[in-house]
Amino acid sequence: MEFCNSTLESGFILVGILTNSGSPGLLYTTISVLYTLALTSNGLLLLVITVDARLHVPMYLLLGQLSLMDLMLTSVVIPKTLVDYLRGENAISFEGCALQMFLVLTLGGAEGLLLAFMAYDRYVAICHPLNYTVLMRPRICWLMMATSWTLAFLNSVIHTSYTMHFPFCMTREIRHLLCEIPPLLKLACADTSRYEFMVYVSGSIFLMPSLAAILASYTFVLVAVLHMSSGEGRQKALLTCSSHLTVVGMYYGAAMFMYVQPSSYHSPRQDNILCILHCHYSSTEPSHL
């Protein structure tokens, strides 16, 4: 238990993409630019939605909530990575690692659920426009946002507490950009095979229904668009949905690779690249405006 106690006291070392890169300076600049763009675009979008009363409608309220989640998610991961590179230190305490994992799981999970609700919003707007004000009234909109946060919070509490209860008596180096479940389990000196299978199953259960709802919503939307007689209306509907579908593809592609794929297939370099994409993906979403 001596190794375990030393881990609790001294924490971990994050060996991220900057440490292993052949051109860390160039990669540092790229990540800094992406982070600045994410802060600027999402910050401006939040400001516009808050100030302009005409945008206080379900579509933009949900979009503003997505931008808020994205701002928080990028700020949980990227600033520490950049500061650690400048300081030449990659240490993170045991408590800090647990907090970072909890926040990333909560924010990432909430975004996935919110994307499903946003797809439903587009389905109602295009397929049932006359009933839109009833089906997407403010109470339902706020319920969607609360559901996203609550389910993601509960999922995060369970996984964070269970992951961090393992004794870590191997190397302190986490081969990843941040504290995530797969790389942490590789440091555990206990048998984690059953829990890894549980992570695989719970990740599938958490992600697949939302993805299925998105695909179903946009299938109905596509059918409705193809039956539109107006070319202008068809183009407007497709434009409204295109950026959201791009974000959905980037989010679920990265999430399923990181959480649904068995841990034996994980590559630290691939996970780090996907993590950066995952943290910056919704900077494309403001094109709705």
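Residues numbered from 1 in each chain as written. Predicted model: local features only at pLDDT ≥ 70, side-chain atom pairs only at ≥ 80, totals over all residues. Heavy atoms only, no water.

Participant: Would you take a moment to explain the nonpolar core for this structure?
Facilitator: Within soluble globular proteins, side chains that are nonpolar tend to cluster in buried spots. Grouped together as the largest cluster of nonpolar side chains are 37 residues, with contacts concentrated most on Leu 62, Leu 114, Leu 115, Met 118, Ile 214, Val 221 and Tyr 252. Among the elements of the structure, α3 (24-51), α4 (58-87), α5 (94-127), α7 (138-163), α9 (193-226) and α10 (231-260) are those that each provide at least two residues to this core. No other element matches the 10 residues that α5 contributes to this core. (Core = buried A, V, L, I, M, F, W, Y, C linked by side-chain atoms within 4.5 Å. Buried < 20%, exposed > 50% of the residue type's maximum accessible area, 1.4 Å probe, protein only. Helix = DSSP H or I, 4+ residues; strand = E, 2+ residues; numbered from the N terminus.)

Participant: Explain the packing of α3 against α4 to me, please; I cannot follow it from the model alone.
Facilitator: Helix packing geometry: the angle between the two helix axes and the distance between the axes. At a closest axis distance of 9 Å, the pairing of α3 and α4 adopts a crossing angle of 155°. One finds that α3 runs roughly antiparallel with respect to α4. Relative to α4, α3 is oriented so that their crossing is left-handed. (Axes fitted to C-alpha atoms, helices over the stretch in contact; angles between N-to-C directions. Parallel < 35°, antiparallel > 145°, perpendicular 65-115°, else oblique. Left-handed = near helix turned anticlockwise from the far one by under 90°.)

Participant: So what exactly am I meant to see when it comes to the UniProt feature "transmembrane region" (unreviewed entry) in the chain here?
Facilitator: Per the UniProt annotation, the sites labelled "transmembrane region" (unreviewed entry) are residues 26-48, 60-78, 98-120, 140-158, 205-226 and 238-260. Within residues 140-158, the helical portion is 100% and the strand portion 0%, while the C-alpha atoms at the span's ends are 27 Å from each other. (UniProt positions renumbered as here; feature names shortened; annotations may be inferred.)

Participant: What's the story with α3 in this structure? I'm lost.
Facilitator: For an α-helix, 3.6 residues make a turn, and residues three or four places apart therefore share a direction. Between the first and last C-alpha of α3 there are 40 Å, a value that for 28 residues agrees with the 40 Å anticipated at 1.5 Å per step. Residues of α3 that are buried: Tyr 28, Ile 31, Ser 32, Tyr 35, Ala 38, Asn 42, Leu 45 and Ile 49. (Expected span 1.5 Å × (residues − 1).)

Participant: Just checking my understanding: could you explain the side chain of Asp 84 for this structure?
Facilitator: Here Asp 84 is to be found in helix α4. Setting aside its immediate chain neighbours within four residues, Asp 84 contacts Glu 89, Asn 90 and Ala 91. (Contact = heavy atoms within 4.5 Å.)

Participant: Hey, could you run me through the packing of aromatic side chains in this one?
Facilitator: The geometry of an aromatic ring pair is captured by two quantities: the separation of the ring centres and the angle between the planes. Here the structure, examined in full by the defined rule, presents 10 aromatic pairs. Consider the rings of Tyr 162 and Phe 166, whose centres lie 5.7 Å apart with planes at 85°: the pair is edge-to-face. Relative accessible area serves as the criterion here: at 39%, Tyr 162 is assigned to the partly exposed category. Owing to a relative accessible area of 8%, Phe 166 belongs among the buried residues under this scheme. Clustering of aromatic rings is evident, with ring pairs tying together Phe 12, Phe 94 and Phe 168. (Phe/Tyr/Trp six-rings, centres within 6.5 Å; stacked < 30°, edge-to-face > 60°.)

Participant: I would appreciate a short explanation of the side chain of Gln 65 in the present structure.
Facilitator: Considering the arrangement of structural elements, one finds Gln 65 in helix α4. Taking relative accessible area as the criterion, Gln 65 reaches 15% and is therefore assigned buried. In this structure Gln 65 touches Leu 114, Met 145 and Trp 149, once residues within four positions along its chain are discounted.

Participant: Teacher, can you tell me more about the confidence of the model for the chain here?
Facilitator: Regions with low pLDDT should not have their predicted coordinates read in detail. Scored by pLDDT, the chain has a mean of 81; 79% of the residues are at 70 or more. When mean pLDDT is taken per element in the chain, α7 scores highest with 94 and helix α1 (residues 2-10) scores lowest with 53. (pLDDT = per-residue confidence, 0-100.)

Participant: Which parts of the structure should I look at to understand a nonpolar patch on the surface?
Facilitator: Taken together, the side chains of Leu 151, Phe 153, Leu 154 and Val 157 define a hydrophobic patch exposed on the protein surface, amounting to about 330 Å² of accessible area. Counting through the fold element by element, Val 157 comes out in helix α7. Of the residues examined, Val 157 reaches a relative accessible area of 35% and is grouped as partly exposed. (Patch = residues over 30% accessible without salt bridge, like charges linked within 9 Å, V, L, I, M, F, W, Y side chains within 5 Å. Areas by Shrake-Rupley, 256 points an atom, 1.4 Å probe, with all protein chains shown as cover. Salt bridge = Lys/Arg side-chain N within 4 Å of Asp/Glu carboxyl O.)

Participant: Please clarify how the pattern of salt bridges should be interpreted in this entry.
Facilitator: A side chain with one charge may pair with a side chain of the opposite charge, provided their charged atoms come close. As enumerated under the stated definition, the model contains 4 salt bridges in all. Here Arg 54 and Asp 52 are joined by a salt bridge, their closest N and O atoms 3.0 Å apart. Here Asp 52 falls in the partly exposed class, since its relative accessible area comes to 21%. Glu 89 is paired through a salt bridge with Arg 87; the nearest N and O atoms lie 3.0 Å apart. Look at Arg 87 and you get exposed, because its relative accessible area is 55%.

Participant: What exactly am I supposed to notice about the packing of α4 against α7 here?
Facilitator: The contact between α4 and α7 brings their axes to 10 Å, and the two run at 20°. In terms of axis orientation, α4 runs roughly parallel to α7. Considering only the axes of α4 and α7, their crossing is right-handed. On α7, the residues touching Pro 58, Leu 61, Leu 62, Gln 65, Met 69 and Met 72 of α4 are Cys 141, Met 144, Met 145 and Trp 149. Residues that form the contact of α4 with α7 fall into these classes: 9 nonpolar, 1 polar and no charged. (Nonpolar A, V, L, I, M, F, W, Y, C, P; charged D, E, K, R; others polar.)

Participant: Can you walk me through the environment of Phe 102 in this structure?
Facilitator: Residue position: Phe 102 is located in helix α5. Along the primary structure Phe 102 and Cys 179 are separated by 77 residues, whereas in three dimensions their C-alpha atoms are 9.3 Å apart. Excluding residues within four positions of it along the chain, Phe 102 makes contact with Phe 153, Ser 156, Val 157 and Thr 160.

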